[in-house]
Amino acid sequence: MTSATRPRARRRALTGTLATLGLSVGMIMTTQAPTASAATWPTPNGSQGTSTTISVSGTKDYGMKRYYGTGALAGDGQEEGQDPIFKLADGAVLKNVILGAPAADGVHCEGSCTLQNVWWEDVGEDAATFRGGNGATYQVIGGGAKKAADKVFQHNGGGTLNISNFAVQEFKTLYRSCGDCSTQYTRKVNLSNIDVTGTGSTARIVGINVNRNDAATLRGITIRNDSGRKVVPCQKYNNNTAVGSGPDSKNCLYSASDVTYR
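Parameters and conventions
- Per chain, residue numbering runs from 1 following the sequence as it is written.
- It should be noted that, the model being predicted, local features are given only for residues of pLDDT at least 70 and side-chain atom pairs only at 80 or more, the latter also being counted only at that level, while totals for whole chains, interfaces and linings use all residues.
- Side-chain calculation: all heavy atoms of the structure are included, whereas hydrogens and water are not.
- In this description, the term disulfide denotes a pair of cysteine sulfurs within 2.5 Å.
- The buried label goes to any residue with under 20% of its type's maximum accessible area, the exposed label to any with over 50%, and the partly exposed label to all in between, with areas taken from a 1.4 Å probe on protein chains only.
- Numbering of helices and strands runs from the N terminus; a helix is a DSSP stretch of H or I covering at least four residues, while a strand is a stretch of E covering at least two.
- The salt bridge definition used is simple: a Lys or Arg side-chain nitrogen within 4 Å of an Asp or Glu carboxyl oxygen.
- Two strands make a pair as long as DSSP finds a minimum of two bridges between them.
- Throughout, a contact is declared for two residues whenever any of their heavy atoms are within 4.5 Å.

Participant: What should I look at first to understand the state of the cysteines in this one?
Facilitator: Two cysteines joined by a covalent bond between their sulfur atoms form a disulfide. Under the defined criterion, the tally for this structure stands at three disulfides. The disulfide partner of Cys 109 is Cys 113, and the gap between their sulfur atoms is 2.0 Å. Judged by the sign of its S-S torsion, about 90°, the cystine formed by Cys 109 and Cys 113 is right-handed. By the burial criterion, Cys 109 is buried, and Cys 113 matches it. Between the sulfur of Cys 234 and that of Cys 252 lies a disulfide, 2.0 Å long from S to S. Around the S-S axis, the bridge from Cys 234 to Cys 252 shows a dihedral of about -70° and counts as left-handed. Placement of the pair is Cys 234 in strand β15 (residues 231-238) and Cys 252 in strand β17 (residues 252-253), with a sequence separation of 18 residues. The burial state of Cys 234 is the same as that of Cys 252; both residues are buried. Shown here for the protein chain is a disulfide pattern of 1-2, 3-4, 5-6, where each number marks a bonded cysteine counted in sequence order.

See below:
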């Protein structure tokens, strides 16, 4: 995702049943991220466009300001090679920020990172891409994402991604372990207290590579507006070839009691 080619900005029309998640704006400003099931989408505290990637090291609290792409970052489609709005150095913490539209390739984590109370109003190529090595640990705590025509979280590097208290709607895949990266890893993802709104068409909460011994643990998953059970909790792949879905004892680690339909 480092190509200099820039796509033109365009909007995406997504079909399906859309539901609004109720979030408490008063809870958003606390240092503790709100739980997904308690959260309404936050109101931004001002907006700012950026035409160049913002580098973040250490801890950066944006106080619920909205950032969106302009100029070279004004893409919101699925073209590969877009640069991110935020690029996080190893160990960086990004908190209390809203990514508006267009959002280009969202956030890149170059090593271990924490995304706390980060919201994506309209996901561009991806909401966040995790690119650290085998020892990296990534934390997504609170926040939410919607209007993801493809993926929300893309795991290209190694290590473990932990996602908790997160809300997602209007999406195709919440988490995907890269199927065709030039360097491949065994990856792990742990999800807890995730609030999912069904799209009316097939969507996946996680997609993992069983041939790479990936493992996904799902706990406290709530799926709304999905009477047809079209949201797949755990999709298995051999790289990019789908090879089944559902819980097991090695790769898709959850049971029926971990998923609630409402």
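Participant: Whenever I open this one, the environment of Glu 110 confuses me. Can you help?
Facilitator: Considering the arrangement of structural elements, one finds Glu 110 in the loop between β6 (107-109) and β7 (113-120). With 21 residues separating them along the chain, Glu 110 and Ala 89 place their C-alpha atoms 5.5 Å apart.

Participant: When you look at unusual backbone geometry in this model, what are you seeing that I'm missing?
Facilitator: Most peptide bonds are trans, and most residues other than glycine sit at a negative phi. Here the amide bond leading from Ala 101 into Pro 102 is cis, since omega sits at 0°, within 30 degrees of zero. One non-glycine residue, Ala 104, adopts positive backbone phi at about 50°. One non-glycine residue, Arg 229, adopts positive backbone phi at about 55°. We classify Arg 229 as partly exposed; its relative accessible area is 46%.

Participant: Mind showing me how you'd approach the pattern of salt bridges here?
Facilitator: Pairing between side chains becomes possible if they bear opposite charge and their charged atoms approach one another. One pass over the full model with this rule turns up seven salt bridges. The salt bridge involving Lys 151 is made with Asp 150; its shortest N-O contact spans 3.0 Å. For Arg 224, the salt bridge is made with Asp 195, and the minimal N-O distance between the two is 2.7 Å. Placement of the pair is Arg 224 in strand β14 (residues 215-224) and Asp 195 in strand β12 (residues 188-197), with a sequence separation of 29 residues. Look at Arg 224 and you get partly exposed, because its relative accessible area is 21%. On the accessibility criterion, Asp 195 (2% relative accessible area) is buried. One salt-bridge network, in which partners are shared between bridges, spans Asp 126, Asp 150 and Lys 151.

Participant: Even after reading the chapter, I still don't get the pairing of strand β11 (residues 160-177), so can you show me in this structure?
Facilitator: When a strand is regular, its side chains alternate between the sheet's two faces. With 16 of its 18 residues buried, β11 lies for the most part within the structure. In the sheet, strand β9 (residues 137-141) pairs with β11 via five bridges, with the strands oriented parallel. Across the sheet, the residue bridging to Ile 141 is Ser 164, located in β11. Pairing between strand β10 (residues 144-155) and β11: eight bridges, direction parallel.

Participant: Mind showing me how you'd approach the environment of Gly 133 here?
Facilitator: Note that Gly 133 resides in the loop between β8 (128-130) and β9. Residue class for Gly 133 comes out partly exposed when judged on its relative accessible area of 35%. Beyond its immediate chain neighbours, meaning those up to four positions away, Gly 133 contacts Tyr 138, Gly 158 and Gly 159.

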